Amino acid sequence: MGHDSIPHQNAESPISDIAYLARSEHRVPTLVALTERPRSRSELCELAGVSSSTIRRTLDEFEDRVWIRKDGYQYTATRLGEAIASAMQDLIEQVETERKLRDVWHWLPEEVSDFPIETWDAMTITVAEPDSPYRPIDRFESLLKETNDLRLVRPEIALMEPCFEVLVQLIDEGVDVVLVARPESHTYFLSTYPERSVEMMQQDNFTVLEHDSLPPCGTGLLDERAAISCYEQDSGTVHVLIDTDVAAIREWAQSVCDTYASEAQPVEPP
C-alpha cells in the first residue's frame, strides 16, 4: 500500500472521527485543501486562520488517522483522506440544503417530501429574509428573462412586479404562456390592469385558464426548469422559491400543470 500504510491507532467508532472533524470549523477545510495540492504548515495556518500550534495538532491527528502524509516540509492527503474530505463536503452541502428546507418545509407541497434526497443538492432554494423579502421574486424574474416556454399553476409570483413586466415582454415576443389561476386572482388582475389585460389576452400565444381548487403552492415549468413558489395570500408574500432542472421533479411539475390545465375553464378575452 506504499505511503498510505502508516500504522495508526483505531478510533473508537466512525462517529468519533466525524465528531473530531465537526468540533472545529477549520478541520474539514484544512483536509479539503490538502486534497487539492501539497501545502506547508505556514500556508495551512494562513488558509485556516488558526495558530501554528493548532494546525500542528490538527496535522498530527490527521497523520494518526492516515488521512495525510508528510513529504519534506509539505503535507498532502492520502487516498483515505480524499475519501473522508469528499464525504464531509457532501454531508455539509446536504445539511446546508436541509437547513434551508427546514425553515420553509411547512409551506411546501407534500409531494416535495417524496422527492429523492439526492435531488436536494440540485435545488436552488431562495428564501425571503427579513432584510431581503423580495429574493424569491428577484430569482423568478431572472428565470423568466431566459424562458421561451412558460406554464404556471397559481401564477401569483409572475403577476408581481418586476416579474409582470418581464411576462408582458415575453408575450409580446411570442413566447407561449399558459396560466392556470384562481377566479378571484383573475378578477383582481382584470380590475387592476384592465387595458393591459385585454391586450395580453388577445395574443394567440397567451392562454389564461380558471380553476376553483388549486394547490396552495404555485408550480411551473420554465423551459426545462421546474419551479415551486409558496405565496401567502393574506400577506401577499412569496416565502420561498425552489427551482431545479432535475428530471424527476420536472416530470412531477409537468404532471401538475397538465392535470390542472385539463380541469380548468378557459377565460374568454373581455
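As a convention, each chain's residues are numbered from 1 in the sequence order in which they are written. Predicted model: local features are reported for residues with pLDDT of at least 70 only, side-chain atom pairs are reported and counted for 80 or more only, and whole-chain, interface and lining totals are derived from all residues. With hydrogens and water set aside, each side-chain value is computed from the structure's full complement of heavy atoms.

Engineer: Describe the overall build of the protein, with residues and values.
Structural biologist: A run of H or I in DSSP counts as a helix once it spans at least four residues, and a run of E counts as a strand once it spans at least two, with each numbered from the N terminus. Counting secondary structure elements, the protein contains 10 helices and 11 strands. In this description the radius of gyration comes from C-alpha coordinates, and the expected globular size is given by 2.2 Å times residues to the power 0.38. Its C-alpha atoms give the protein a radius of gyration of 26 Å, clearly above 18 Å, the size a compact globule of 270 residues would have. When the backbone C-alpha atoms are referred to their principal axes, the protein occupies close to 80 × 30 × 30 Å. Each of the 270 residues in the protein was classed as buried or not, and the buried ones make up 44%. Residues are treated as being in contact if the distance between any of their heavy atoms lies within 4.5 Å. Here the analysis covers contacts within the protein between residues at least 6 apart in sequence; of these, 68% occur between residues at least 24 apart. Areas reported as accessible are Shrake-Rupley estimates using a 1.4 Å probe. Residue values count occlusion only from the protein chains shown. When the accessible surface of the protein is split by element, carbon and sulfur atoms take 47% of a total near 14,800 Å². When the 23 positive and 51 negative side-chain charges of the protein are each reduced to one mean point, those points stand 13 Å apart. Residue exposure (1.4 Å probe, protein chains only): buried if accessible area is under 20% of the type maximum, exposed if over 50%, otherwise partly exposed. Here Asp and Glu are counted as negative and Lys and Arg as positive; His is not counted, and neither are the chain ends. Every charge is mapped to an atom, namely NZ of Lys, CZ of Arg, CG of Asp or CD of Glu.

Engineer: Describe the nonpolar core, with residues and values.
Structural biologist: Think of a nonpolar core as a cluster: buried Ala, Val, Leu, Ile, Met, Phe, Trp, Tyr and Cys residues, connected wherever their side-chain atoms sit within 4.5 Å. In terms of nonpolar packing, the biggest core is built from 30 residues, with F140, L144, L167, V177, M200 and F206 touching the most fellow members. Contributions of two or more residues to this core are made by α6 (135-144), β5 (149-153), α7 (163-172), β6 (176-181), α9 (194-201), β7 (206-210) and β10 (237-244). The element contributing the most residues to this core is α7, with 7 residues. Sequence-distant contacts of V177, that is, excluding residues within four places in its chain, are made with L150, R151, L167, I171, N205, F206 and T207.

Engineer: So what's going on with the sheet that holds strand β1 (residues 39-40)? Residues and values would help.
Structural biologist: Note: two strands are recorded as paired if DSSP finds a minimum of 2 bridges between them. Spatially, 3 strands are ordered β1-β3-β2 in an open sheet, and the strand pairing comes out antiparallel. Here the strands that pair on one side only, and so sit at the sheet edges, are β1 and β2 (68-71). Two strands pair when backbone bridges link them, and β1 and strand β3 (residues 74-77) are joined in this way by 2 bridges, in the antiparallel orientation. The residue of β3 that forms the bridge with R39 is Y75. Every axis corresponds to a line fitted to the C-alpha atoms, with the helix fit spanning only the stretch in contact, and the corresponding angles, defined between N-to-C directions, vary from 0 to 180 degrees. Each of β1, β2 and β3 touches helix α2 (residues 27-36); the most contacted strand, β3, lies at about 90° to it. Lying on the sheet, helix α4 (residues 52-64) is in contact with β2 and β3; it crosses β2 at an angle near 110°.

Engineer: Provide a residue-level description of the sheet that holds β5, including the pertinent values.
Structural biologist: With mixed pairing, 8 strands are arranged side by side in an open sheet as β4-β10-β9-β8-β5-β6-β7-β11. Every other strand in the sheet has two partners, leaving β4 (124-127) and β11 (265-266) as the edge strands with one partner each.

Engineer: Any chance you could break down α4 for me, citing the residues and the numbers?
Structural biologist: The span expected for a helix works out to 1.5 Å for each residue beyond the first. In a regular helix each residue adds 1.5 Å, so 13 residues correspond to 18 Å; α4 covers 18 Å between its end C-alpha atoms and thus fits that length. Here α4 has its buried residues at T54, I55, T58, L59 and F62. Here the buried residues of α4 occupy an arc of 130° about the axis, which is enough to place them on one side. Tucked inside the fold, the buried residues of α4 contact α1 (14-22), α2, α3 (41-48), β2 and β3. The first or second residue beyond α4 is V66, which carries a positive phi of 65°. Directions pointing from the helix axis toward each C-beta atom define the arc.

Engineer: I'd like a rundown of the packing of aromatic side chains, residues and numbers included.
Structural biologist: Geometry of aromatic contacts follows a simple scheme: Phe, Tyr and Trp rings, the Trp one being its six-membered ring, pair when their centres are within 6.5 Å, and the pair is stacked under 30 degrees between planes, edge-to-face over 60, tilted otherwise. Evaluation of the coordinates by the stated rule reveals 3 aromatic pairs. For the pair F62 and W67, a centre-to-centre distance of 5.7 Å together with 50° between the ring planes defines the contact as tilted. The buried category is assigned to F62, whose relative accessible area is 0%. Relative to W252, the ring of F115 lies with its centre 5.4 Å away and its plane at 75°, an arrangement referred to as edge-to-face. Pair noted here: F115 is in the loop between α5 (79-104) and β4 and W252 is in helix α10 (residues 247-263), with a separation of 137 residues, a long-range link.

Engineer: I'd like to hear about the packing of α6 against α7, residue by residue, with values.
Structural biologist: The contact between α6 and α7 brings their axes to 9 Å, and the two run at 15°. The orientation of α6 with respect to α7, classified from their angle, is roughly parallel. In this structure, the crossing between α6 and α7 has a hand that is left-handed. Along the contact surface, α6 presents I137, F140, E141 and L144, while α7 presents C163, V166, L167 and L170. Any angle that falls under 35 degrees is termed roughly parallel, while one over 145 is termed roughly antiparallel, one within 65 to 115 roughly perpendicular, and all others oblique. A crossing counts as left-handed when the near helix is turned anticlockwise from the far one by less than a right angle, and as right-handed when that turn is clockwise.

Engineer: Could you give me a rundown of the packing of α2 against α5, with the residues and numbers involved?
Structural biologist: At a minimum axis separation of 9 Å, α2 and α5 run at an interaxial angle of 130°. Regarding the angle of α2 to α5, the classification is oblique. The two elements α2 and α5 meet at a crossing, and its hand is left-handed. Residue-level contacts link V28, L31, V32 and T35 of α2 to G81, E82, I84, A85, M88, Q89 and I92 of α5.

Engineer: Before we move on, could you go through the pairing of strand β9 (residues 225-232) and cite the residues and values that matter?
Structural biologist: Counting buried residues in β9 gives 6 out of 8 residues, a clear majority hidden from the surface. Where strand β8 (residues 217-222) and β9 come together, 6 bridges link them in antiparallel fashion. Residue pairing for β9: L222 is matched across the bridge by R225. With antiparallel pairing between neighbouring strands as the criterion, β8 and β9 make up a hairpin whose turn holds 2 residues, including D223 at a positive phi of roughly 60°. Between β9 and β10, which pair antiparallel and follow one another directly, the connecting turn spans 4 residues, one of which, G236, has a positive phi of 70°.

Worth remembering: the numbers are spatial, not functional.
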